[in-house]
Amino acid sequence: MTAPTPSNNPGDRSAYLRVGRAGNACLLCNKPLNVDGRHPSVLEVKDAQDAIRKDFCPECWPRLADEGYFSFWVTRRVAAPSAKERRLARTERNEALWRLFAALYASEDSSTLAPQLFFLAHLLMRYKVLTFQGLSQDGLLEFQHPRLGETFHIADVPLEEVDFSAVQKEIDEQAMSYAPEPREQE
């Protein structure tokens, strides 16, 4: 990484804090760094223009006692979910929210559940599970489930009358009971 030239502009000073991503292998022994663990990283500054990040495995770290470096820290590595796992998580989230929405909509007490239905309908619209069709003839918001072809009429709730953070907490708690069972990894 190359450090920028200092300037009087405070926005430029933040460039000094940019450090490159962790490497995938130890610079001394070329051993792959633990994906689910920690490893030491150092920052070497040769001159005002060059700041270089170096990553080492824990076994090679004691060999650096004689090396000069500007700073060090312990990098925490966490295995990121694969694209398939992220899609599966989105699918499960959408399924749980859809099941909750359908259950609340079908409930006989749907008039008291107007804030939750309003919130869920808009959330499902954002996640492309429902599409907004406009206002119905009786002044209700009309949503459609494109795959099922079903139409849902939801009361338009004034935003200033509802504590949506409380509604979100309720929905988060309720959605867990509608979440599909975890699937086995293939």
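Residues numbered from 1 in each chain as written. Predicted model: local features only at pLDDT ≥ 70, side-chain atom pairs only at ≥ 80, totals over all residues. Heavy atoms only, no water.

Engineer: Go over unusual backbone geometry with me, naming the residues and quoting the values.
Structural biologist: A positive phi angle is found at N30, which is not glycine, with a value near 65°. Notably, K128 is not glycine yet its phi reads approximately 65°, a positive angle. Looking at where K128 falls in the secondary structure, it is placed in the loop between α3 (114-126) and β4 (131-135). (Helix = DSSP H or I, 4+ residues; strand = E, 2+ residues; numbered from the N terminus.)

Engineer: Residue-level account of the nonpolar core, with values.
Structural biologist: In terms of nonpolar packing, the biggest core is built from 26 residues, with F101 and L130 touching the most fellow members. Those elements giving two or more residues to this core turn out to be α2 (83-106), α3, β5 (141-145), β6 (150-154) and α4 (164-178). Residue contributions to this core peak at eight residues, all from α3. Contacts of F101, omitting those with residues within four sequence positions, involve L117, L120, A121, L124, L130, F152 and I154. Core analysis: the next-biggest nonpolar cluster, separate from the first, contains seven residues, C26, L33, C57 and C60 among them. (Core = buried A, V, L, I, M, F, W, Y, C linked by side-chain atoms within 4.5 Å. Buried < 20%, exposed > 50% of the residue type's maximum accessible area, 1.4 Å probe, protein only. Contact = heavy atoms within 4.5 Å.)

Engineer: Could you give an account of the packing of aromatic side chains, naming the residues involved and the relevant values?
Structural biologist: By convention here, two paired aromatic rings are described through the distance between centres and the angle between planes. Under the counting rule described, the total for this entry stands at seven aromatic pairs. Here F101 and Y105 contribute two aromatic rings whose centre-to-centre distance is 5.8 Å and whose plane-to-plane angle is 20°, an arrangement assigned as stacked. Of this pair, F101 and Y105 are both found in helix α2, four residues apart, which corresponds to roughly one turn of the helix. By relative accessible area, which is 0% here, F101 ends up buried. Take Y105: its relative accessible area is 27%, and that puts it in the partly exposed class. (Phe/Tyr/Trp six-rings, centres within 6.5 Å; stacked < 30°, edge-to-face > 60°.)

Engineer: Provide a residue-level description of the sheet that holds β5, including the pertinent values.
Structural biologist: In space, the three strands of this open sheet follow the order β4-β5-β6, with antiparallel pairing throughout. Each edge of the open sheet is held by one strand with a lone partner, namely β4 and β6. Taken over all neighbouring pairs, the strand axes of this sheet differ in orientation by 30° on average, direction set aside. Across five bridges, β5 lies against β6 in antiparallel orientation. Counted as the bridge partner of L141 is I154 from β6. The strands that α3 touches are β4, β5 and β6; relative to β5, the one it contacts most, it runs at about 50°. (Pairing = 2+ DSSP bridges. Axes fitted to C-alpha atoms, helices over the stretch in contact; angles between N-to-C directions.)

Engineer: Give a detailed account of the side chain of H39, specifying residues and quantitative values.
Structural biologist: As for its position among the elements, H39 is in strand β1 (residues 38-47). In this structure H39 comes out as buried when scored by relative accessible area, which is 2%. In this structure, H39 is in contact with A22, L33, D55, F56, P58, W73, V74, T75 and R77, ignoring residues within four places of it in sequence.

Engineer: Account for the layout of surface pockets, naming residues and giving values.
Structural biologist: Of the volumes computed, that of the largest pocket is approximately 260 Å³. For the largest pocket, the full set of lining residues is T91, N94, E95, W98, Y127, K128, V129, H145, P146 and R147. The leading source of residues in the lining of the largest pocket is α2, at four residues. Classifying every residue of the lining of the largest pocket by side-chain character gives four nonpolar, three polar and three charged. (1 Å grid on protein atoms, 1.4 Å probe; cavity = no way out; pocket = protein on both sides within 12 Å on 5 of 7 lines; lining within 4 Å. Points joined across faces, edges and corners; volume = space filled by probe spheres on them. Nonpolar A, V, L, I, M, F, W, Y, C, P; charged D, E, K, R; others polar.)

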